[in-house]
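# Overview (structure and organization)
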Amino acid sequence: MSRLIVVSNRVAPITEGEPTAGGLAAGVMDALRQKGGRWFGWSGQVVPDMVTPPLPVVEQRSGSISLYTTDLNQRDYDTYYRGFANGTLWPIFHYQTELARFDWADFEGYRRVNGRFAEAISAFMTPEDVVWVHDYHLLCLAKALRQRGARNRIGLFLHTPFPAPAVMMNVPAHAELLAAMCQYDLIGFQTESDRLAFADYVLREMGGEARADGVLAVGGRAIRTGVYPIGVHVDMLRAEAEAAADSPQMQALRASLNGRALVMSVDRLDYSKGLPQRFAAYERFLAENAGWHRQVEFAQIAVPSRSDVQAYQEIRRQLEGEAGRINGRFAELDWTPLRYLNRSFARRDLMPLYAAAAVGLVTPLRDGMNLVAKEFVAAQDPVDPGVLILSRFAGAARELDAALLVNPHDEQAMAAALAQALAMPLQERRERHAAMMAVMRRNSLERWRDRFENDLRTPAALESVA
Ligand code: ADP
Ligand code: G6P
């Protein structure tokens, strides 16, 4: 079989055990570890502009994975990563139009880096290779590869939501971007509503035609679209939770909780994750449920992310203020109701934390999937599982409908869900947990990878329809 080349902006550290905050890197690494493959992306390093491209590509190996990485120079980082990818596309894809900034110079940088990636990949790609590209940083990569003569099968999986056409059209470069996406052979989405939003855009703006099998005929090409919800390794995560249940970290946690129930949230510190709304709901819960004072603690682990983008600096400042204010309002000498931690944890340390929590509070305003929700469920002890409170606006809500689903903008409903979760009888907790586990076992990470890869390798219905 021809080789698989995976491409993403962010790659996971190749040494096992290091934290990878971000669903893409965690998912791709787990998917590749089993089957092996080549993975190309940014090293995470930024070099001064006087180092001129092409920048060298460094190869590292770990078992059957070959990792190829390259640095970005400052100008490329500022325009492509900080500017267009994270200052324009990320907020637009998460429906935060008022946070989106646009500058043609950023878009030019985005095109340029997509071109540089294509250049670097072309150096080791053979005509038989199949290329699997990930996420919103690289929407123009297929086009850039095709401009360099590639006729390979190239697929894109979007880890984020895809917004409604009216939202997408706020981006001045939307037409070029969408036309570039049509150079892929397969585009995968987390949910059917993301897929429909894309198809809707293509049909309305580009005059294409949608076939019943998800193939879009547009501009003489056939682009297959499909829904591939990303999953987690259920058994591996539970095993990690069990293995470290009595680690020194967990003993210290239990001692400090002193029998109090733990409510737990884990996120990158991102405005799409709904942290201010979540803090407000917890505050309301405390205000309305004096009986729970001293009986509950909420731990919010929020690892700083993209901290040189202004919107991220602002949300961080806001949350620091709120955490201090809420503790100031309710804390006692021997009780801190909210613990706010700006650090990351290695996964083997995170899983027992999830398992120790009575409630997982996962309430993004918008999220492609949200793997934390799935990790939380997988880590639970099925005999005495914790309760998941999940935003309806996370892709995961489509599968995990046995969670307590909430609207993250509805403070009152979230406070009520907290009270309901903390008081939920054992039998109901078990039933909800079992229902979620059944779905997660079906939609495993292996299935995500295999279905996408098979569809990408299957040309029949995908050839030109001109
Ligand atoms: P996103 O991809 O937007 O960050 P996801 O919930 O899909 O959201 O994925 C986040 C991934 O990053 C999960 O695998 C989670 O375990 C990991 N993660 C998030 N925050 C932390 C943290 N503070 N420490 C360690 N891992 C984290
Ligand atoms: C989300 C995105 C990924 C990204 C990750 C971490 O999961 O979908 O593409 O890698 O966040 O963000 P970062 O900007 O640090 O790569």
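Residues numbered from 1 in each chain as written. Chains lettered and ligands numbered in written order. Predicted model: local features only at pLDDT ≥ 70, side-chain atom pairs only at ≥ 80, totals over all residues.

### Description of the overall build of the protein
For the protein, the helix and strand inventory stands at 16 helices and 16 strands. Considering only C-alpha atoms, the protein reaches an extent of 65 × 45 × 45 Å along its principal axes. Each of the 466 residues in the protein was classed as buried or not, and the buried ones make up 47%. A fraction of 77% describes how many contacts in the protein between residues 6 or more apart in sequence connect residues 24 or more apart. (Helix = DSSP H or I, 4+ residues; strand = E, 2+ residues; numbered from the N terminus. Buried ≥ 20, exposed ≤ 12 C-beta atoms within 10 Å, placed from the backbone. Contact = placed C-beta atoms within 7 Å.)

### Some words on the domain arrangement of the protein
Quite often, the size of an interface is put as the accessible area lost when its parts meet. As assigned here, the protein comprises domain 1 (4–231 + 446–457) and domain 2 (234–442). Between the C-alpha centres of domain 1 and domain 2 the distance comes to 30 Å. Listed as interface residues are 23 residues of domain 1 and, on the opposing side, 23 residues of domain 2. For the side of domain 1 that touches domain 2, the elements supplying multiple residues, two or more each, are helix 1 (23–35) and helix 2 (74–93). When its residues are assigned to classes, the side of domain 1 that touches domain 2 shows 8 nonpolar, 13 polar and 2 charged. (Domains from an automatic or database assignment. Nonpolar A, V, L, I, M, F, W, Y, C, P; charged D, E, K, R; others polar.)

### Some thoughts on the site of ligand 2
With respect to spatial proximity, the complete set of residues near ligand 2 consists of R10, G22, G23, L24, A25, D135, H159, T160, S305 and R306. With 3 residues, the single largest contributor to the shell around ligand 2 is helix 1. Partitioning the shell around ligand 2 into residue classes produces 2 nonpolar, 5 polar and 3 charged. (Near = placed C-beta within 6 Å.)

### Some remarks on the sheet that holds strand 14 (residues 359–362)
Whether parallel or antiparallel, the strands of a sheet pair through hydrogen bonds between backbone atoms. Taken together, the 6 strands give an open sheet; going across it, the order is 13-12-11-14-15-16, and neighbouring strands pair in parallel fashion. The sheet is open, and its two borders are formed by strand 13 (338–341) and strand 16 (404–406), each paired with just one other strand. On average, adjacent strands in this sheet sit at an angle of 20 degrees to one another, irrespective of strand direction. With 4 bridges joining them, strand 14 and strand 15 (residues 387–391) adopt parallel strand pairing. In the sheet register, G360 faces strand 15, and the bridge partner there is L388. Lying on the sheet, helix 10 (residues 275–288) is in contact with strand 11 (261–269), strand 12 (296–304), strand 13 and strand 14; it crosses strand 12 at an angle near 170 degrees. (Pairing = 2+ DSSP bridges. Axes fitted to C-alpha atoms, helices over the stretch in contact; angles between N-to-C directions.)

### A closer look at the pairing of strand 5 (residues 130–134)
In terms of burial, strand 5 is a largely internal element, 5 of the 5 residues being buried. Neither face of strand 5 is left uncovered, since the one carrying V130, W132 and H134 and the one carrying V131 and V133 both have all their residues buried. With 5 bridges connecting them, strand 1 (residues 4–10) and strand 5 associate as parallel partners. Following the sheet pairing, V6 is matched in strand 5 by W132. With 5 bridges connecting them, strand 5 and strand 6 (residues 153–157) associate as parallel partners. Across the sheet, W132 pairs through a bridge with G155, a residue of strand 6.

### Brief notes about the site of ligand 1
Of all residues adjacent to ligand 1, which total 18 residues, the nearest are G23, V303, S344, L371 and V372. Every element with two or more residues in the shell around ligand 1 is listed here: helix 1, strand 11, strand 12 and helix 13 (371–379). Grouping the amino acids of the shell around ligand 1 by side-chain chemistry returns 11 nonpolar, 4 polar and 3 charged.

### Describing helix 10
Count 3.6 residues to each turn of an α-helix, and residues three or four apart come out pointing the same way. Between its terminal C-alpha atoms helix 10 stretches 20 Å, which fits the 20 Å expected from 14 residues at 1.5 Å a residue. Among the residues of helix 10, L275, R278, F279, A281, Y282, E283, F285 and L286 are the ones counted as buried. (Expected span 1.5 Å × (residues − 1).)

### Let's talk about unusual backbone geometry
Cis geometry marks the peptide bond from P53 to P54; its omega dihedral reads 0 degrees. The residue N258 is not glycine, and still its phi comes out positive at about 55 degrees.

### Quick notes on the environment of D49
Secondary-structure assignment places D49 in the loop between strand 2 (37–47) and strand 3 (57–62). Taking C-alpha positions, D49 is 37 Å from A164, a pair spaced 115 residues apart along the chain. Setting aside residues up to four positions removed in sequence, D49 forms contacts with N73, Q74 and R75.

### So, the packing of helix 12 (residues 347–356) against helix 13
Between helix 12 and helix 13, the least distance of the axes is 8 Å, while the angle of their chain directions is 70 degrees. The angle between the axes of helix 12 and helix 13 places the two elements in the roughly perpendicular class. Counting all contacts with helix 12, which are made through M351, Y354 and A355, the residues of helix 13 involved are E375, F376 and A379. In terms of residue class, the contact of helix 12 with helix 13 is built from 5 nonpolar, no polar and 1 charged. (Parallel < 35°, antiparallel > 145°, perpendicular 65-115°, else oblique.)

### Focus on the sheet that holds strand 9 (residues 215–218)
The 10 strands are arranged 3-4-2-1-5-6-7-10-9-8 in an open sheet whose pairing can be described as mixed. This sheet does not close on itself; its edge strands, each paired only once, are strand 3 and strand 8 (209–210). Across 6 bridges, strand 3 lies against strand 4 (residues 65–73) in antiparallel orientation. The partner of V57 across the bridge, within strand 4, is T70. Helix 3 (residues 104–122) rests against strand 1, strand 2, strand 3 and strand 4 of the sheet, and its axis sits at about 150 degrees to strand 1.

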